[in-house]
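This is what each chain is made of:
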Amino acid sequence: MSAGRTRFVGMGVRIEVDHLTMRYGAVTAVEDISFTVEPGEFFGLLGPNGAGKTTTLETIEGLREPTEGRVAIDGRDPARREPDLQRRIGVQLQSSAFFERLTAVEQLQTFGSIYGVPTSRLDELLEQVGLTEKATAQVEDLSGGQKQRLSIACALVHDPEVVFLDEPTAALDPQARRNLWDVLRGINESGRTVVLTTHYMEEAEELCDRVAIVDHGQLLQLDTPATLIRRLDAATRIGLAVEAISIDEARALPGVQTVAVGSAGLVIETRDAATVLGELGRREALEGLSVSKGTLEDVFLDLTGREYRA
Ligand SMILES: Nc1ncnc2c1ncn2[C@@H]1O[C@H](COP(=O)(O)OP(=O)(O)OP(=O)(O)O)[C@@H](O)[C@H]1O
Ligand SMILES: [Mg+2]
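Note that the structure is predicted; figures quoted are calculated from it, not measured.

### What to know about the overall build of the protein
Now for step 1: In terms of helices and strands, the protein carries 11 helices and 13 strands.
Now for step 2: Within the span of the protein, comprising 310 residues, buried residues form 46% of the whole.
Now for step 3: Partitioning the contacts of the protein with sequence separation of at least 6, the portion at a separation of at least 24 is 67%.
Now for step 4: Accessible surface computed for the protein: about 15,100 Å², of which carbon and sulfur atoms make up 49%.

Structure representation (structure tokens):
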């Protein structure tokens, strides 16, 4: 958990994943993964397509039984699907299924009625996910992103203590994505545990207290985004307008590792940013300057490789 955030004590569940292995016939989707998620933590599962994120998440949610190992939510087995534990869990699946021919608000109402949720809560939720104007639209008539937002509202309808979200922002436009970040941050700041998967490293860096990076069913790294980035010890990237300095002159500067030209201008990589920036300043070659250090995306690519895979 990041320091300085206000947390409500006594809410949010503890999740234990202990030597979890999941096989689908000959395919080992998850292999001997162990980690814990603390109460009130915002936890991210990251990994390329097919890494085993959904399988891990669905096992924690109690939708799949482990082939080997165990998972527990507050010490209890989620696969037993005991109603009082279910009540505390909110789930948004990667591929959402809705009841046919219901409107958005009826859809929410159907989920909410299982838990005796008051109608006032439905309006509040639709507002939170930006669907107020679509309350009476049929689910079939919603856009991809709107459906996704409705499925998130359904996961939150009974005010659960832990929310599992599988790529919640995958189909959202940038504005809706940031609005959802605020919603999720708000839920987490009220003490609830949030576990999400995402392919957006910026999102994980922004939201998550800790992230687990998985690939080929294995846990590669687990730590705070800041620690992972620091450990990578990535080069600093200095961006400049192409007019700022010639490529040859940039390459000849002390401390410069590489120089590349892209559509946005020149990019200099260095592990001695102070020297390079000093030299550029002396030459008055700072037009279009931008400076960036490693990001979680660099960590992800370093661990999982850059190439697309089947
Ligand atoms: N029901 C299934 N039957 C057989 N194999 C499966 C099944 N579900 C998943 N797999 C396989 O298990 C592996 C992990 O899949 P999983 O859906 O957990 O990955 P993921 O990390 O969620 O990927 P994505 O980012 O694409 O959602 C993949 O190789 C996938 O093909
Ligand atoms: Mg998945």
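### What about the pairing of strand E12 (residues 265-270)?
Within a regular strand, the side chains alternate between the two sheet faces.
Now for step 1: As judged from the 5 bridges shared by strand E10 (residues 236-240) and E12, these two strands associate in the antiparallel manner. Counterpart to leucine 240 in the pairing with E12 is leucine 266.
Now for step 2: As defined by bridge partners, strand E11 (residues 256-262) adjoins E12 across 6 bridges and the pair is classed as antiparallel. Each bridged residue has a counterpart across the sheet, and for threonine 258 the counterpart in E12 is glutamate 269.
Now for step 3: The turn linking E11 back onto E12 is made up of 2 residues.

### Comments concerning the side chain of histidine 158
Now for step 1: The residue histidine 158 is located in the loop between helix H5 (144-156) and strand E6 (162-166) in this model.
Now for step 2: Using a relative accessible area of 5% as the deciding quantity, one classes histidine 158 as buried.
Now for step 3: For histidine 158, the side chain forms a polar contact with the main-chain oxygen of isoleucine 89, separated by 2.8 Å.
Now for step 4: Not counting residues within four places of it along the chain, the set of residues in contact with histidine 158 comprises Gln86, Arg87, Ile89, Gly90, Tyr115 and Val117.

### Here's the deal with the environment of glutamate 16
Now for step 1: Following the sequence through the fold, glutamate 16 ends up in strand E1 (residues 15-24).
Now for step 2: What makes glutamate 16 partly exposed here is its relative accessible area of 24%.
Now for step 3: A sequence separation of 55 residues divides glutamate 16 from valine 71, and the C-alpha atoms of the two residues are 5.5 Å apart.
Now for step 4: In contact with glutamate 16, other than residues within four places in its own chain, are Phe35, Thr36, Arg70, Val71, Ala72 and Gly75.

### Some thoughts on the site of ligand 1
Now for step 1: In the vicinity of ligand 1 lie 13 residues, with Gly50, Gly52, Lys53, Thr54 and Thr55 positioned nearest.
Now for step 2: Measuring from an oxygen atom of ligand 1, one finds a side-chain N or O atom of lysine 53 at 2.7 Å.
Now for step 3: Between ligand 1 and glutamate 167, the relevant distance is 3.4 Å, taken from an oxygen atom to a side-chain nitrogen or oxygen of the residue.
Now for step 4: Ranked by the residues each element gives to the shell around ligand 1, the list is headed by helix H1 (residues 53-60), at 3 residues.

### Here we look at the domain arrangement of the protein
Now for step 1: According to the domain assignment, the protein contains domain 1 (15-224) and domain 2 (235-293).
Now for step 2: Domain 1 and domain 2 are separated by 42 Å when their C-alpha centres are compared.

Basis of the calculations
Residues numbered from 1 in each chain as written. Chains lettered and ligands numbered in written order. Predicted model: local features only at pLDDT ≥ 70, side-chain atom pairs only at ≥ 80, totals over all residues. Heavy atoms only, no water. Helix = DSSP H or I, 4+ residues; strand = E, 2+ residues; numbered from the N terminus. Buried < 20%, exposed > 50% of the residue type's maximum accessible area, 1.4 Å probe, protein only. Contact = heavy atoms within 4.5 Å. Areas by Shrake-Rupley, 256 points an atom, 1.4 Å probe, with all protein chains shown as cover. Pairing = 2+ DSSP bridges. Polar contact = N/O pair within 3.5 Å; in protein donor to acceptor, adjacent residues only side chain to side chain. Near = heavy atom within 4 Å. Domains from an automatic or database assignment.

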